[in-house]
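Each chain, written out:
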Amino acid sequence: MSDTDRQYDLVVWGATGVAGSLVATYLTEQYSPDTLSLALGGRNAERLKALVSDLTRQSEWSEIPIVLGDATDPESLREIAHSTRVVCTTVGPYTTYGTPLVEACVETETDYCDLTGEVTWVREMIDRYHEPAVDADTRIVHSCGFDSVPADLGTLLVQSDAADTFDTTCDMVRIYAESARGGVSGGTLASMVEQFEAASTDPLARQTLRHPYSLAPPGERSGIDPGTQRRPRKDGLRKAWTAPSPMAPVNERVVRRSNALLGYPWGREFRCTEVIPTGPGLKGAAGASLITGGLGLFIAAMSIGPVRSAISEYVFPEPGEGPTAEQVKKGHFTVRVLGRGTTRDGPFTVEAEFGADWDPGYGATARMLGESAMCLVEDDTNSPLDGGVLTPASAIGDPLVDRLRDVGFTATVGRATEN
């Protein structure tokens, strides 16, 4: 089936959820019906109709088609995938609801993107569907939100600049989650619970969460990178203290997979670490210790089944609940990436900054995921790969950086001041 036979350019699946409605709102504000054939998908017709009514009142769109299906009904998902060139999905937890849609997209040769941070599920998709997706020239692009666009594209910016400026790449990159303000939805927390549930019962899931190369291609899941930082540490690049980042288990593995999929342009001994900087001196050390201790207690609590169940039921918000519109607007984030390499003249450091003045998990993620989908729709990519289970950097690359700059993101790169 050729793309010209598809009814739609893009279906936003899960459009009535917190993240899905933000993506739908963004797309109808940013694009016109003259340039994009858009449909909104889900299982509840009345909620979809209400969303369409709101969107058509607030934009130049006079009508937006809806498509109905069920995340647990493979046949309905195949029909939806068959009708469109690209599916953009926000329906999680992906461990529970994501696999049938990926399978449907591979079977119908429909490009796909999501915002998952569920490492164990991504590993399963790699093992089951990467080769079929390659054969079908179908792009399955995971982690197109705050997990893991800033880290993945920030690393790409640093490495591209190093190659252009110094004729070599950085053998190590450190990602600093410098600042972030925003809310968390029940759906995001439910995905987190799924990760701990999987690790408690499945040895492969536990190994996936522990092994730094668990998302690399089969046969290449080894290397020199020790993996996620687990203790407070004095940082050699910034002369400041750092703490472990809760997003490191996702982002580091995504970046390593990008390097592998692109054919190791950054070398097979490339190392990547994500941390939270807390500053110099005793205050920085205390801050790093406090964050490390709090993160450790949370992980310990979530690793105990009855405690995890109680937290999920009595503390976390319900799936479908999320930050208010005011919280989304008042949010912000900044991710800084430093890459260190060496030439004949000595070491050099390249610095990239990636950020936005929106809630990172929702306002910013809606734009990152929406523009990732549009890159696939318009084939606006800089990639040697036509298909497979891919990452933002390996599937799309620089065009996504350019699009995000155009809609208000900071994405800069240049020579860093040597410490």
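Refer to the structure printed above.
This write-up is about the structure you can find in this document. Sequence positions are assigned chain by chain, starting from 1 and proceeding in written order. With pLDDT at 70 or above as the cut-off, local features in this predicted model cover only qualifying residues; side-chain atom pairs require 80 or more to be listed or tallied, and sums for whole chains, interfaces and linings still use all residues. The basis for the side-chain values is all heavy atoms of the structure; hydrogens and waters are excluded.

Remarks on the environment of P217
Helix and strand definitions here come from DSSP, where helices need a minimum of 4 consecutive H or I residues and strands a minimum of 2 consecutive E residues; each element is numbered from the N-terminal end. Residue placement: P217 occurs in the loop between α9 (203-210) and β8 (233-234). Residue classification places P217 among the buried residues on the basis of a relative accessible area of 15%. Apart from the residues within four sequence positions on either side, P217 is in contact with R257 and A260. Accessibility here uses a 1.4 Å probe with only protein chains present; expressed as a share of the type maximum, an area under 20% marks a residue as buried, one over 50% as exposed, and anything in between as partly exposed. The criterion used for residue contact is that any of the two residues' heavy atoms lie within 4.5 Å.

Brief notes about a negative patch on the surface
Taken together, the side chains of E109, E131, D135, D137 and D386 define an acidic patch exposed on the protein surface. Along the chain, D137 falls in the loop between α6 (119-135) and β6 (139-141). Within this analysis, patches are made of residues with over 30% relative accessible area and no salt bridge. Like charges are joined at 9 Å or less; nonpolar side chains (Val, Leu, Ile, Met, Phe, Trp, Tyr) at 5 Å or less. Only the protein chains shown count as cover for residues, and the accessible areas themselves come from Shrake-Rupley with a 1.4 Å probe. The term salt bridge refers to a pairing of a side-chain nitrogen on Lys or Arg with a carboxyl oxygen on Asp or Glu at a separation within 4 Å. Charge counting treats Lys and Arg as positive and Asp and Glu as negative, with His and both chain ends excluded. By convention, charge coordinates are those of NZ in Lys, CZ in Arg, CG in Asp, or CD in Glu.

Section: a positive patch on the surface
Taken together, the side chains of R210, R230, R231 and R233 make up a positively charged region of the molecular surface. Within the secondary structure, R233 sits in strand β8. A relative accessible area of 46% means that R233 is categorised as partly exposed.

Quick look at the side chain of T89
Tracing the backbone through its elements, the reader meets T89 in strand β4 (residues 84-89). Look at T89 and you get buried, because its relative accessible area is 2%. With sequence-adjacent residues up to four places away left out, T89 is seen in contact with W13, Y94, L101, Y112, C113, D114, L115 and L369.

A word on the pairing of strand β12 (residues 346-356)
A large share of β12 lies buried, amounting to eight of its 11 residues. As paired elements, strand β11 (residues 332-343) and β12 share 11 bridges and run antiparallel to each other. For R336, the partnering residue across the bridge sits in β12 and is E353. Hairpin connection of β11 to β12: two residues between the antiparallel strands. Sheet topology note: the β12/strand β14 (residues 410-415) ladder contains six bridges and is antiparallel. Note that in β14 the partner of E353 across the bridge is T412. For two strands to be treated as a pair, DSSP must find at least two bridges joining them.

Considering α6
Every helix has an expected span of 1.5 Å times one less than the residues it contains. Look at α6: 24 Å from first C-alpha to last across 17 residues, which is about the 24 Å you get at 1.5 Å a residue. Of all the positions in α6, only V119, T120, W121, V122, R123, M125, I126, Y129, H130 and A133 are classed as buried.

A short note on the packing of aromatic side chains
Pairing of aromatic side chains requires ring centres within 6.5 Å, counting the rings of Phe and Tyr and the six-membered ring of Trp. Pairs whose planes differ by under 30 degrees are stacked, by over 60 edge-to-face, and all others tilted. Scanning all chains against the criterion turns up six aromatic pairs. Taken together, a centroid distance of 3.9 Å and an interplanar angle of 15° make the contact between F166 and F348 stacked. Here F166, found in helix α7 (residues 149-166), pairs with F348, found in strand β12; they are 182 residues apart in sequence, far enough to count as distant. Judged on exposure class, the residue F166 and its partner F348 are both buried. Following the ring pairs from residue to residue traces out a cluster consisting of F354, W358 and F409. Note on geometry: a ring has a charge over it if NZ (lysine) or CZ (arginine) is within 6 Å of the ring centre and within 35 degrees of the ring normal. A cation over an aromatic ring shows up here: R268 above the ring of Y264, its NZ or CZ 3.9 Å from the ring centre. Sitting above the plane of the W358 ring, R367 keeps its charged end 4.0 Å from the centroid.

Some words on the packing of helix α1 (residues 18-30) against helix α14 (residues 360-377)
Running from N to C, α1 and α14 point in directions that differ by 60°, and their axes come no closer than 8 Å. Taken together, the axes of α1 and α14 are oblique relative to one another. As α1 packs across α14, the resulting crossing turns out to be right-handed. Side by side, α1 and α14 meet where V18, A19, L22, V23, Y26, L27 and Q30 of the first sit next to Y362, G363, A366, R367, L369, G370, E371 and M374 of the second. Classifying every residue of the contact of α1 with α14 by side-chain character gives 10 nonpolar, three polar and two charged. Here an axis means a line fitted to C-alpha atoms, over the contact stretch when the element is a helix, while the angle between two N-to-C directions is reported on a 0 to 180 degree scale. Should an angle fall under 35 degrees it is called roughly parallel, over 145 degrees roughly antiparallel, and 65 to 115 degrees roughly perpendicular, with every other angle called oblique. In this scheme the crossing of two helices becomes right-handed for a clockwise turn of the near helix relative to the far one and left-handed for an anticlockwise turn of less than a right angle. Ten residue types, Ala, Val, Leu, Ile, Met, Phe, Trp, Tyr, Cys and Pro, are classed as nonpolar, four, Asp, Glu, Lys and Arg, as charged, and the remainder, Gly among them, as polar.

Comments concerning the sheet that holds β11
The strand order β8-β9-β10-β7-β11-β12-β14 describes an open sheet built from seven strands, whose pairing is mixed. Edge positions in the open sheet fall to β8 and β14, since each of these has one partner strand only. In terms of strand pairing, β8 meets strand β9 (residues 241-244) through two bridges, oriented antiparallel. Within β9, the residue paired with K234 across the bridge is W241. Against the sheet, helix α10 (residues 248-261) engages β7 (172-181) and β10 (271-279), with an angle of about 145° to β10. Helix α11 (residues 281-302) contacts β9 and β10 of the sheet and is inclined by roughly 5° relative to β9.

As for the side chain of E252
In this fold, E252 is placed in helix α10. N or O atoms closer than or at 3.5 Å make up a polar contact, with two conditions inside protein: a donor-capable atom paired with an acceptor-capable one, and, for residues adjacent in sequence, both atoms drawn from side chains. A polar atom in the side chain of E252 sits 3.1 Å from the side chain of T228.

So, the environment of L68
By secondary structure assignment, the location of L68 is in strand β3 (residues 66-68). With a relative accessible area of 47%, L68 lands in the partly exposed category. Each C-alpha atom of the pair L68 and E378 lies 25 Å from the other, and the pair is 310 residues apart in sequence.

A closer look at the sheet that holds β4
Judged by pairing direction, the sheet is parallel, and its seven strands sit side by side in the order β3-β2-β1-β4-β5-β6-β13 without closing on themselves. Since the sheet does not close on itself, it has two edges, and those belong to β3 and β13 (388-390), each with one partner. When the angles between neighbouring strand axes are averaged without regard to direction, this sheet yields 20°. In this sheet, β4 lies alongside strand β1 (residues 8-13) in parallel orientation, the contact comprising five bridges. Paired with V11 across the two strands is V87, which belongs to β4. Along the sheet, helix α3 (residues 74-82) contacts β1, β3 and β4; its crossing angle with β4, the most-contacted strand, is approximately 125°. Contacting β1, β4, β5 (111-114) and β6, α14 crosses the sheet at an angle of about 165° to β4.

It is worth stressing that arrangement in space is one thing and function is another; only the former is reported here.
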